[in-house]
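# Coordinates in review
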Amino acid sequence: MEVVNALRMAQILIRARLKTARCVVDATAGNGKDTLFIAANTPADSTVWAFDIQEQALRKTRELLFQNGFDSKVRLINDSHAKVSYYIGTAIDAAMFNLGYLPGGSHAINTQPENTIAALSQILSQLVISGIVTIVAYPGYEHGLTEMAEVSYFLNQLPQKEYCVACWSMVNQINHPPLLYIVERVSENTQP
Ligand code: SAM
């Protein structure tokens, strides 16, 4: 059996949904591993949007996509995911978030809960029925724990008739392993 962790599990759970996707978001491009995964698993005519506030991250992502021949289907946005609706006006089929700081970069530049929740709200309102969003959160350091708690609170409030929300983690790992949240849209807005 394949050795899984939260990052790999997010990819496993979202992969089937990517096969027919037209519009997919990587909300935290970082070094580009998820962006590459999305680009490699979506139809050739789909559009992948990858956001990061650090030019250094987008440079790495661009290089990785270019090396693998996927640069033309990905739109790299050097801006906050909190402005996702400003850039994407269409329905969204799937999105991935990998919270925290850029591996190999400054640990002082982290995702912030208010931006993460703003991005999630916009993406969830544009998500198609059967669309999936994955969020990997890191409770092993103070900022990550706070962010995880705020994101968890937000996800807990989502109406269950409209969204199905689950959480996955390794249970025998030391030092607070990452948590994976999975959201699937199951119906249109049911609010009056
Ligand atoms: N998924 C990436 C990969 O596969 O390499 C790793 C992502 S890394 C854990 C988190 C990234 O989120 C960092 O590169 C950071 O710059 C970015 N980030 C932080 N705040 C952001 C925001 N408001 N909008 C978009 N990206 C943000």
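Values in this document were obtained by computation on a predicted structure and should not be read as measured data.

### Structural notes on the packing of helix H1 (residues 6-18) against helix H2 (residues 33-41)
Two numbers describe how H1 lies on H2: the axes approach to 10 Å, and their chain directions differ by 25°. Classified by the interaxial angle, the pair formed by H1 and H2 is roughly parallel. Considering only the axes of H1 and H2, their crossing is right-handed. Between H1 and H2, the residues in contact are Arg-8, Gln-11, Ile-14, Arg-15 and Leu-18 and Lys-33, Asp-34, Phe-37, Ile-38 and Asn-41, respectively.

### Describing the nonpolar core
Among the nonpolar cores identified, the biggest contains 30 residues, and Val-25, Phe-97, Val-133, Ile-135 and Leu-155 are the most heavily contacted of them. Listed by contribution, the elements that provide at least two residues to this core are strand S1 (23-26), strand S2 (47-51), strand S4 (92-98), helix H5 (113-126), strand S5 (127-137), helix H6 (142-156) and strand S7 (179-185). In terms of residue count, H5 provides more of this core than any other element does, 5 residues in total. If we skip the residues at most four places from it in the chain, Val-133 touches Ala-95, Phe-97, Leu-120, Ile-123, Leu-124, Leu-127, Tyr-181, Ile-182 and Val-183.

### A closer look at the pattern of salt bridges
On inspection of all chains with the given rule, the structure shows 5 salt bridges. Put simply, Asp-93 and Arg-17 hold a salt bridge, and the shortest N to O gap is 3.3 Å. You can see Asp-93 sitting in strand S4 and its partner Arg-17 sitting in helix H1, a full 76 residues away along the chain. Like Asp-93, the residue Arg-17 is buried in the burial classification. Residues Arg-62 and Glu-55 are paired through a salt bridge, measuring 3.9 Å at the closest nitrogen-oxygen approach. On the basis of relative accessible area, Arg-62 is assigned to the partly exposed category, the value being 39%.

### A closer look at the pairing of S5
Where a strand is regular, its side chains alternate between the two sheet faces. Within S5, 8 of the 11 residues are buried, leaving the element largely enclosed by the surrounding structure. Note: S4 against S5, 6 bridges, orientation parallel. Along S5, the bridge assignment pairs Ile-92 with Leu-127. Note that the unit made of S4, H5 and S5 has a crossover that is right-handed. Note that S5 and S7 share 6 bridges and pair antiparallel.

### Examining the sheet that holds strand S6 (residues 163-169)
Pairing in this open sheet of 7 strands is mixed, and the strands run S3-S2-S1-S4-S5-S7-S6 from one edge to the other. Among the strands making up the open sheet, the edge pair consists of strand S3 (74-77) and S6. On average, adjacent strands in this sheet sit at an angle of 15° to one another, irrespective of strand direction. Contacts between helix H3 (residues 55-67) and the sheet are confined to S2 and S3, with S3 contributing the most and set at about 165° to the helix. Along the sheet face, H6 touches S5, S6 and S7 and points at about 25° away from the line of S7.

Rules used in this analysis
Sequence order as written defines residue numbering, which begins from 1 separately in each chain. The predicted nature of this model means local features are confined to residues of pLDDT at least 70 and side-chain atom pairs, given and counted, to a pLDDT of 80 or more, with totals for whole chains, interfaces and linings taken over all residues. Just so you know, side-chain values use all the structure's heavy atoms and leave hydrogens and water out. Axes here refer to lines fitted to C-alpha atoms; in helices the fit is confined to the stretch in contact. Angles between the N-to-C directions go from 0 to 180 degrees. The helix count covers DSSP runs of H or I at least four residues long, the strand count covers runs of E at least two residues long, and both are numbered beginning at the N terminus. Any angle between 65 and 115 degrees counts as roughly perpendicular, while under 35 counts as roughly parallel, over 145 as roughly antiparallel, and the rest as oblique. By definition, any crossing whose near helix is turned counterclockwise from its far helix by less than a right angle is left-handed, and any crossing with a clockwise turn is right-handed. It only takes one pair of heavy atoms within 4.5 Å for two residues to be counted as in contact. We call a set of buried residues a nonpolar core when its members are Ala, Val, Leu, Ile, Met, Phe, Trp, Tyr or Cys and they connect through side-chain atoms within 4.5 Å of each other. Remark: exposure states derive from per-residue accessible area (1.4 Å probe, protein chains only) relative to the maximum for the residue type, with buried under 20%, exposed over 50%, and partly exposed in between. Salt bridges are identified by distance alone: a Lys or Arg side-chain nitrogen within 4 Å of an Asp or Glu carboxyl oxygen. Two strands are counted as paired when DSSP detects at least two bridges linking them. Orient the strands so they point away from the viewer, and a crossover whose first-strand-to-second-strand path over the helix runs clockwise is right-handed.

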